[in-house]
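Here is what each chain is made of, one letter per residue.
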Amino acid sequence: MLRTEKVLQVRGGPGRAVRLVRELYLRPDVPCRSARCPAACPRDGKLLSDDVTHYVVPDCKVVQDYLEVLEFPELKGIIFMQTACQALQHQKGRRQYNKLRSLVKDARHDCTMFANEFHQHCYLPREKGESMEKWQTRSIYTAAVWYYNHCLGQMPVIMVTEDEDAIRQYGNETEGVFVISFKNYLDNFWPDLKAAHELFDSILQAQRERESESQENNGKEYPEHLPVEILEAGIKSGRYIQGTLNVNKHRAQLEAFVRLEGFGSKERELQSDILIYGAKARNRAIHGDVVAVELLPSHEWKGRTVALCENETEDKAPAETTGDPMPTGKVVGIIQKNWRDYVVTFPSKEESQSQGRNAHKVLVTPWDYRIPKIRISTQQAEALQEYRVVVRIDSWESTSVYPNGHFVRVLGRIGDLEGEIAAILVENSICIAPFSEIQMSEMPQSSSENPWKVNPEEEENRLDLREGHLIFSIDPKGCEDVDDALSIRTLPNGNLELGVHIADVTHFVAANSYTDVEARARYAVSVLWELEKESYETLQVYYKKTIIRSAYKLSYEAAQGLLDGDISVVEDILELKDLDERMTQKKLHELVWALSKLTDIARHIRAKRDSCGALELEGVEIRVQLDDKNNIDDLIPSQPLEVHETVAECMILANHWVAKKILERFPHQALLRQHPPPRQEFFNELKECAAAKGFSIDTWSNKALAESLDKANDPLDPIVNKLLRSMASHAMSNALYFSTGSCPEEEFHHYGLALDKYTHFTSPIRRYADIVVHRLLMAATLKESKGDVKDYIFTNKDLQELCKHINNRNRAAQRAQKQSTELFQCTYFRDKTPQTDERCVADGVIYSIRTNGVLVFVPRYGIKGAAYMKNKEGLVISCQGDGSCEWKPGSLYRFQNRITSTTTTGESVTLSLFDHITVQILVQTSRCHANTIKLEIIRNAPYQTSGTEVSQKNFQVMKSELVNEVSQSAEASQHAEEKARVEVIDEDLQEYCQTKGASLYQLLEEIRDLALLDVSADIRT
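Residues numbered from 1 in each chain as written. Predicted model: local features only at pLDDT ≥ 70, side-chain atom pairs only at ≥ 80, totals over all residues. Heavy atoms only, no water.

Draft legend 1. Quick look at the overall build of the protein chain. Each helix and strand in the protein chain was counted, giving 26 helices and 39 strands. Counting only residues that meet the buried cut, the protein chain has 54% of its 1021 residues in that class. (Helix = DSSP H or I, 4+ residues; strand = E, 2+ residues; numbered from the N terminus. Buried < 20%, exposed > 50% of the residue type's maximum accessible area, 1.4 Å probe, protein only.)

Have a look at this one:
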């Protein structure tokens, strides 16, 4: 090993450059990661495949500008040199660098990273007077030559660059090492890879446009962003405030808010978000960016819009439609750009003609209202007018009104269901690529000819529960991903033993395996409690690796039927068929006893949490019912059953005890889940609405809130309590995964579940967090764990980074689940005629008053939406003697709990909070965005037809399942309500499948599982 030095120039304080000298140790044994390596390089981990004809080495500029092209899986044998990777991080930021790291780790892509600057024969010191770019090119070329020689000339190496001087200098210097342009490489080696060529041309054209624009435009459209060092100093002093920009999708041109992140002394005095009003104040920041904000003087503060709006584009909001002034500011700099892929629509032929003479420059409209129009350069604009297309933003200069970007790929036709589903996935950065062969090879093989069997060696290391325990699962009908089971039995001493058994996924997904990197009778990890026979108090807890055999696979409906004494459900229990009467009765007696005892225990557990302030909030999950042709036949709100609560409480109990165990063993490296108390100002609307009915809501603790909601009950209209609970759910903070070493213990508490410690352990099939927790539990409890404890746990820093990633993915899954529900709702109503189809008319309940209309909840379909009382022509709603409505000239008058419409002829109608009205459901179509549900008031009276029975049935549901909304992330909730699926099967869509599901429909329902269910609110447990 040789020692040398490397000189670095890094940024110090404002305007200062600091010269650092770093020691560098050079080794001759840095692994090449080639499957064709003739030397003794280590061959563990991912290797370059041996079935390629050449290796490709991109230089720094190619990696920075064309990484998206290099992501094509057809391009194989790519070697990313350390020099190019570090240049990417320095020039493009950590986000792009992490993207490259993920690409290298991905088993689906044949590429590797070579640490050339640590290799004794590849490292080159920078010569005096040599530019950084020349040194980087020389270093990468030297490493490419070493690679060729190291493989004994078996594999040609092609270095791709856009530097013409490098091509002339190195092109013919070494036999077997070729230096050519990236375009030349694509033209000669991949002439039929059309998508790669189109993407390359798109990126190149965008670069040329930016260069041309920067030379032509001298006028400034926006102020320049302040340098990073000034922003950092300003945030530290309190002059600037750091936060994440959230654009109001209903007023995207005007309103954005910055959610505070706890930096700066001024922030501590603020009790609300900061309003960013108008595009100029937003200063080129895009939704999701982390920005630095300067507060405006208080006399310039504005109020947020309180009127209903349909994504208006006007530059001004009428003064009477805004609320009280709130802290208002302007963006002075962007700390972190969180740009991603965006789904867009090209302008129609008429719109294209109005955009100007330059046909190659096109303004495309993003699917997400919160994203500004993006200017791209393409010659395919006319051909792509009817398609959803993916683009990426490259830059947004201060001289440009719009950001510049480039075309990436086509998704599908506008309005086509598969295309719209693909748009939802892209918008939420959800990848649906199938698992690679190498990942599938890590899984155990099982077939009808060769079924999977328990390993005799593994059997010796596990507690065998197959004979002495009655174990069964309870899941939705048709569920295939059964990953949990329950058991209850009487012990010899008279006490009870409760068992929660979770599939031991970590046995098959080894730490640091390819599947692990991607994910993030049966083996199980079981939690067993010995309970006192009468009080059900916990006496002892055991954590065991087990082998189980599930005696019954019950549906929720069958389990509930047995609890209710309905013996007819026995016909739905396959395991009881083909038995004689005597054996059937014996087994049925055992099963009913177990279910009844579990339910009794669950009630006790829930009562205990209730006494500590556990919240029972409200939400609606919609199940899509299909006809024989897989068309949407109906939208049905899921009905809660007590057995849902039973399963929920058992899973919550397991998660709680596992959290305590791993925290005890790893106090600074345990993965837990926290649910912070909500901000009090978020409860204002709830308090006002409750007061309209004469109820008082105490929100200063979870217990006070729970008790207040229990009392806020209108015996004449149970929907009032449901709506109040739904409003409370909207006020909740997000529950988050975190590393216990990253925050003080007093912040570990879970507000919604009223538990001091909580984690996710019970769903490792669907959540990577649970896999991490399983490993922690194994390391904490099993002396016979294979390997070092270090193999099972992360450092606090690494675990917190992982938690941040999982939280982001969880939020994306939540959004995708919500958007897919809205997509299916629109699909159901799209082809119906509202005026003649009674399914388009339903009972609605007013739950919020705005200056120009009301917000309405439709229990029959689980829809929440706006109903306008003043239309775009300025007419107001007028109700006739029979209750029917029509539009007439007049005015609206809004009060705190009601709104009055008065016509010019003196007719008047008043609608109040919680009034029942009849609404018509329509679909508002959009060429550029997702379709949306629109509600129109047609009678100022409750809906009265044959459908009333369905509505009233929903009104009578006084209690939804425990923990369903605020607690819905609890594993139980996922198994209880969240696992109700949209079972859509289309044999023509098999090419999109990733798992056993039949199409992207199935994938979206898998996303529902990831989403920790929340249809109506941003609450995660």
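Draft legend 2. Spatial organisation of the sheet that holds strand 10 (residues 274-277). Pairing is mixed around the closed barrel formed by 5 strands, whose spatial order is 8-9-10-14-11. Across the sheet, the mean angle separating the axes of adjacent strands is 50 degrees when strand polarity is ignored. Sheet topology note: the strand 11 (residues 290-295)/strand 14 (residues 328-336) ladder contains 6 bridges and is antiparallel. Bridging across to strand 14, Val293 finds its partner in Val331. Sheet strands in contact with helix 8 (residues 228-237) are strand 8 (241-247), strand 11 and strand 14, and its direction is about 125 degrees off that of strand 14. (Pairing = 2+ DSSP bridges. Axes fitted to C-alpha atoms, helices over the stretch in contact; angles between N-to-C directions. Contact = heavy atoms within 4.5 Å.)

Draft legend 3. Expanded view of the packing of helix 16 (residues 556-563) against helix 17 (residues 581-612). It is at 9 Å that the axes of helix 16 and helix 17 come closest, and there the two elements cross at 95 degrees. Classified by the interaxial angle, the pair formed by helix 16 and helix 17 is roughly perpendicular. Together, Ala559, Leu562 and Leu563 of helix 16 and Leu588, Leu591, Val592, Leu595, Ser596 and Thr599 of helix 17 make up the contact between the two elements. Grouping the constituent residues of the contact of helix 16 with helix 17 by class yields 7 nonpolar, 2 polar and no charged. (Parallel < 35°, antiparallel > 145°, perpendicular 65-115°, else oblique. Nonpolar A, V, L, I, M, F, W, Y, C, P; charged D, E, K, R; others polar.)

Draft legend 4. Just the packing of aromatic side chains, in detail. Taken as a whole and judged by the stated rule, the model has 15 aromatic pairs. With a centroid separation of 4.7 Å and an interplanar angle of 20 degrees, the aromatic rings of Tyr66 and Phe200 are classed as stacked. Linking Tyr66 in helix 1 (residues 60-70) with Phe200 in helix 7 (residues 194-216), this pair joins segments that are 134 residues apart in sequence. Taken as a pair, Tyr66 and Phe200 share a single burial class, namely buried. Relative to Tyr147, the ring of Trp146 has its centre 5.8 Å away and its plane inclined at 90 degrees; by these criteria the two rings are edge-to-face. Judged by relative accessible area, which is 13%, Trp146 ranks as buried. Every member of this aromatic cluster is reached through a ring pair, and the members are Tyr66, Phe182, Tyr185, Phe189 and Phe200. (Phe/Tyr/Trp six-rings, centres within 6.5 Å; stacked < 30°, edge-to-face > 60°.)

Draft legend 5. Helix 11 (residues 417-427), seen in detail. Across the 11 residues of helix 11, 11 count as buried, placing the element largely inside the fold. Those residues of helix 11 that fall on the buried side of the exposure criterion are Leu417, Glu418, Gly419, Glu420, Ile421, Ala422, Ala423, Ile424, Leu425, Val426 and Glu427. Where helix 11 begins, one side-chain oxygen reaches toward the backbone nitrogen of Glu418, 3.3 Å away; that side chain belongs to Asp416. Of the residues trailing helix 11, Ser429 is marked for its positive phi of about 55 degrees. (Polar contact = N/O pair within 3.5 Å; in protein donor to acceptor, adjacent residues only side chain to side chain.)

Draft legend 6. View of the nonpolar core. Tyr55, Val69, Phe80, Leu100, Tyr147 and Phe182 are the most contacted members of the largest nonpolar core, which has 74 residues in total. The element contributing the most residues to this core is helix 4 (residues 132-150), with 8 residues. Those residues within four positions of Tyr147 in sequence are excluded, and the remaining contacts are Cys32, Arg33, Ser34, Leu48, Tyr55, Ile79, Met81, Thr112 and Phe114. (Core = buried A, V, L, I, M, F, W, Y, C linked by side-chain atoms within 4.5 Å.)

Draft legend 7. Up close: the sheet that holds strand 18 (residues 387-395). With mixed pairing, 5 strands are arranged side by side around a closed barrel as 15-16-17-19-18. Put simply, the sheet's adjacent strands are angled 55 degrees from each other on average, direction ignored.

Draft legend 8. How the structure looks around the state of the cysteines. Counting across every chain of the model gives 0 disulfides. This cysteine, Cys743, is not joined by any disulfide, and Cys803 carries the nearest cysteine sulfur, 9.9 Å off. The class for Cys743 is buried, based on a relative accessible area of 15%. (Disulfide = S-S within 2.5 Å.)

Draft legend 9. Main features of a positive patch on the surface. Taken together, Arg94, Arg101, Lys105 and Lys797 make up a surface patch of like positive charges. The greatest single-element share of the positive patch, amounting to 3 residues, is contributed by helix 3 (residues 94-105). Mapped onto the secondary structure, Lys797 falls in helix 23 (residues 796-830). (Patch = residues over 30% accessible without salt bridge, like charges linked within 9 Å, V, L, I, M, F, W, Y side chains within 5 Å. Areas by Shrake-Rupley, 256 points an atom, 1.4 Å probe, with all protein chains shown as cover. Salt bridge = Lys/Arg side-chain N within 4 Å of Asp/Glu carboxyl O. Lys, Arg positive; Asp, Glu negative; His and termini not counted. Charge placed at Lys NZ, Arg CZ, Asp CG, Glu CD.)

Draft legend 10. Molecular detail of the pattern of salt bridges. The tally for this structure, following the rule as stated, stands at 49 salt bridges. For Arg138, the salt bridge is made with Glu130, and the minimal N-O distance between the two is 2.9 Å. Here the two residues Arg138 and Glu130 agree in accessibility, since each one is buried. Of the charged contacts in the structure, one is a salt bridge between Lys757 and Asp756, with a shortest N-O distance of 3.6 Å. Looking at Lys757, the relative accessible area reads 10%, which means it is buried.

Draft legend 11. Quick peek at unusual backbone geometry. If you check the backbone angles, Arg33 has positive phi at about 65 degrees while not being a glycine. Along the chain, Arg33 falls in the loop between strand 2 (17-26) and strand 3 (55-58). At Ala754, a residue that is not glycine, the phi angle is positive and equals roughly 60 degrees. Secondary-structure assignment places Ala754 in the loop between strand 30 (736-739) and helix 22 (768-781).

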